Amino acid sequence: MTAVQKAPDWLLDDGLAPDVDNDLLAPLYEGSARGELVLPFCGSCRRPLDLEQPVCDGCGSLERDWLAVEPVGTVHSATVMHRAEPGLVHADGPYPIVDVDLTSGHRLIMTTLEPTRIPPPIGAPVHVAFRFLGGVAIPAAQPTAPSETEATS
Ligand SMILES: [Zn+2]
């Protein structure tokens, strides 16, 4: 195998990796592989669309354009998942699921980049980085250190 070996994902088994070529979200995964967060916009009015949204709420267009967006946002809500799936979920305890409001206007649900049992607080700034699951890059929230946010005096 010539591909660079990545450490196994902290949360999920590689068998759960998406089949990128046959996935509706292929543009997202292809962008993620380049380190870019690529999300759908209406091809007509440029409204941000949900990942699997086929029709634009604003203008009814069926056109979708996948564009790179700024990988930053804030925590809209967060929860802790307690359901264990032996063999599929590697985490040895509860793990966070975070709903992120991106500056692009999208909402994206993801877990955290690093294992933790404590989700980031609502309103916390996050950077979207990528986990690797079976070689597929997947968006993951990385709380932004307080020192990186602008101080208010
Ligand atoms: Zn539209």
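Treat the numbers as computed from the prediction; the structure is a model and nothing was measured.

Definitions and limits used
Here the residue numbering is sequential within each chain, running from 1 through the sequence in written order. For a predicted model such as this one, the threshold for reporting local features is a pLDDT of at least 70, and the threshold for listing and counting side-chain atom pairs is 80 or more; totals across whole chains, interfaces and linings nevertheless cover every residue. As a rule, residues whose C-beta atom has 12 or fewer other C-beta atoms within 10 Å are exposed, those with 20 or more are buried, and those in between are partly exposed; C-beta atoms are placed from the backbone. Numbering of helices and strands starts at the N terminus; helices are DSSP runs of H or I of at least 4 residues and strands are runs of E of at least 2. Think of it as the arc spanned by the lines of direction from the helix axis to the C-beta atoms. The contact rule is simple: place each C-beta atom from the backbone, and if two of them lie within 7 Å, those residues are in contact. A set of buried residues qualifies as a nonpolar core if it consists of Ala, Val, Leu, Ile, Met, Phe, Trp, Tyr and Cys joined through C-beta atoms within 7 Å.

K.L.:
Help me understand helix α1 (residues 26-33) in this model?
P.N.:
Structural remark: α-helix, 3.6 residues per turn; residues separated by three or four positions point the same way. Turning to α1, its buried residues are Leu28, Tyr29, Gly31 and Ser32. Within α1, the buried residues cover an arc of 160 degrees as seen down the axis, which keeps them to one side. Against β1 (37-42), β2 (64-69), β6 (125-133) and β7 (136-143) lie the buried residues of α1. At the exit of α1 stands Gly35, carrying a positive phi of roughly 80 degrees.

K.L.:
Just checking my understanding: could you explain the nonpolar core for this structure?
P.N.:
For soluble globular proteins, the rule of thumb is that nonpolar side chains tend to be buried together. Val75, Val98, Val100, Val126, Ile138 and Ala141 are the most contacted members of the largest nonpolar core, which has 22 residues in total. Sorting the residues of this core by element identifies α1, β1, β3 (72-81), β4 (95-102), β6 and β7 as the ones contributing at least two each. With residues up to four places along the chain from it excluded, the contact list for Ile138 reads Ser32, Phe130, Arg131 and Leu133.

Bear in mind that shape data such as this cannot, by itself, settle questions of function.
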